[in-house]
Amino acid sequence: MTLLEEIKATQLLARKGNMPLMASLLTTLIGEAQSVGKNDGNRETTDSEVIAIVKKFIKNIDECLAVPSLSQEAGIKLALEKKILSDYLPPQMSALELELTIQNIIAEIGASAKDVGKVMGLLKQRYDGLYDGKVSSTIVKNMLAG
């Protein structure tokens, strides 16, 4: 079962179970995810694309939660939405796992300081969605600089 199919099944249960917040959130997520595939040659949306959309939704929620004038009620609703969405993300690599993975890629290709893009490309190809991009970029640059 793809991630999008799993989200659709949960959305149906939420609608039947009279959970309007979850049903509405997942309906919006499904629509956004399906449009990615439809806009790219009318194909199915991949799991990694769905994960990217979930991360985008969570980022938007985090930005809203940072607004000082946010009411307590809105904050609670957003926190609940974030929890619902977070359940669809794969477990992230720890900092140590990420460092070891990057070291292995660097050793495998014999990367030098000019190969940051090559290392990042292989990392994305093999482990997309399992790490923080900004953190990995910093690690790669630091490892290749030294």
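Rules and cut-offs
Residues numbered from 1 in each chain as written. Predicted model: local features only at pLDDT ≥ 70, side-chain atom pairs only at ≥ 80, totals over all residues. Heavy atoms only, no water. Helix = DSSP H or I, 4+ residues; strand = E, 2+ residues; numbered from the N terminus. Rg over C-alpha atoms; globule rule 2.2 N^0.38 Å. Buried < 20%, exposed > 50% of the residue type's maximum accessible area, 1.4 Å probe, protein only. Areas by Shrake-Rupley, 256 points an atom, 1.4 Å probe, with all protein chains shown as cover. Lys, Arg positive; Asp, Glu negative; His and termini not counted. Charge placed at Lys NZ, Arg CZ, Asp CG, Glu CD. 1 Å grid on protein atoms, 1.4 Å probe; cavity = no way out; pocket = protein on both sides within 12 Å on 5 of 7 lines; lining within 4 Å. Points joined across faces, edges and corners; volume = space filled by probe spheres on them. Nonpolar A, V, L, I, M, F, W, Y, C, P; charged D, E, K, R; others polar. Expected span 1.5 Å × (residues − 1). Arc of directions from axis to C-beta. Contact = heavy atoms within 4.5 Å. Axes fitted to C-alpha atoms, helices over the stretch in contact; angles between N-to-C directions. Parallel < 35°, antiparallel > 145°, perpendicular 65-115°, else oblique. pLDDT = per-residue confidence, 0-100. Salt bridge = Lys/Arg side-chain N within 4 Å of Asp/Glu carboxyl O.

### Here's the deal with the overall build of the chain
1) Next: Helix and strand content of the chain: seven helices and zero strands.
2) Next: Seen in sequence order, the chain has helices and strands lined up from the N terminus as α-α-α-α-α-α-α.
3) Next: By the compact-globule yardstick of 15 Å for 146 residues, the chain is too spread out, its C-alpha radius of gyration being 18 Å.
4) Next: Dimensions of the chain, computed from the C-alpha atoms along their principal axes, are close to 55 × 40 × 25 Å.
5) Next: When burial is assessed residue by residue, the chain has 31% of its 146 residues classed as buried.
6) Next: Within the structure as shown, the chain displays about 9,000 Å² of accessible surface, and the carbon and sulfur contribution to it stands at 56%.
7) Next: Taken together, the 17 basic and 18 acidic charged side chains of the chain have centroids lying 3 Å from each other.

### Thoughts on the layout of surface pockets
1) Next: In this structure, the largest pocket occupies an estimated 340 Å³ of space.
2) Next: Examining the composition of the lining of the largest pocket, we find that four residues originate from one element, helix H3 (residues 47-65), more than from any other.
3) Next: Looking at the lining of the largest pocket residue by residue, the class counts come to two nonpolar, two polar and five charged.

### With respect to helix H5 (residues 95-109)
1) Next: Here H5 is 15 residues long and its end C-alpha atoms lie 21 Å apart, about the 21 Å a rise of 1.5 Å per residue gives.
2) Next: By the burial criterion, the buried members of H5 are Leu-98, Thr-101, Ile-102, Ile-105 and Ile-106. Burial along H5 is one-sided: seen end-on, the buried residues are contained in an arc of 135°. Turned more than 90 degrees from where H5 packs its buried face, Leu-96, Asn-104 and Ala-107 sit exposed.

### Describing helix H4 (residues 72-86)
1) Next: For H4, which comprises 15 residues, the first-to-last C-alpha distance of 21 Å matches the rise-based estimate of 21 Å (1.5 Å per residue) to within 8%.
2) Next: Inspection of H4 places Gly-75, Leu-78, Glu-81, Ile-84 and Leu-85 among the buried residues, and these make up the whole buried set.
3) Next: In this structure, the buried residues of H4 make contact with helix H2 (20-38) and H3.

### As for the packing of helix H1 (residues 3-16) against H3
The relative placement of two packed helices comes down to the angle between their axes together with the axis-to-axis distance.
1) Next: Where H1 contacts H3, the axes come no closer than 8 Å and their chain directions differ by 55°. With respect to H3, the axis of H1 lies oblique. In this structure, H1 contributes Leu-3, Leu-4 and Ile-7 to the contact, and H3 contributes Asp-47, Val-50 and Ile-51.
2) Next: Of the residues in the contact of H1 with H3, the class split is five nonpolar, no polar and one charged.

### Details of the side chain of Glu-81
1) Next: Considering the arrangement of structural elements, one finds Glu-81 in helix H4.
2) Next: Using a relative accessible area of 12% as the deciding quantity, one classes Glu-81 as buried.
3) Next: Ignoring anything within four residues of it in the chain, the contact list for Glu-81 reads Leu-21, Leu-25 and Ile-61.

### As for the confidence of the model for the chain
1) Next: Confidence along the chain averages 93 in pLDDT terms, with 99% of residues attaining 70 or more.
2) Next: Within the chain, no element has a lower average pLDDT than helix H7 (residues 133-145), which sits at 92, and none a higher one than H1, at 96.

### Examining the pattern of salt bridges
1) Next: Summed over all chains, the structure comprises eight salt bridges.
2) Next: Here Asp-62 and Lys-82 are joined by a salt bridge, their closest N and O atoms 2.7 Å apart. Linking Asp-62 in helix H3 with Lys-82 in helix H4, this pair joins segments that are 20 residues apart in sequence.
3) Next: The partly exposed category is assigned to Asp-62, whose relative accessible area is 33%.
4) Next: Residue classification places Lys-82 among the partly exposed positions, given a relative accessible area of 28%.
5) Next: Note that Lys-83 and Asp-87 form a salt bridge whose closest N and O atoms lie 2.6 Å from each other.
6) Next: Of the residues examined, Lys-83 reaches a relative accessible area of 47% and is grouped as partly exposed.
7) Next: Beyond isolated ion pairs, a larger network of salt bridges with shared partners links Asp-40, Arg-43 and Glu-49.

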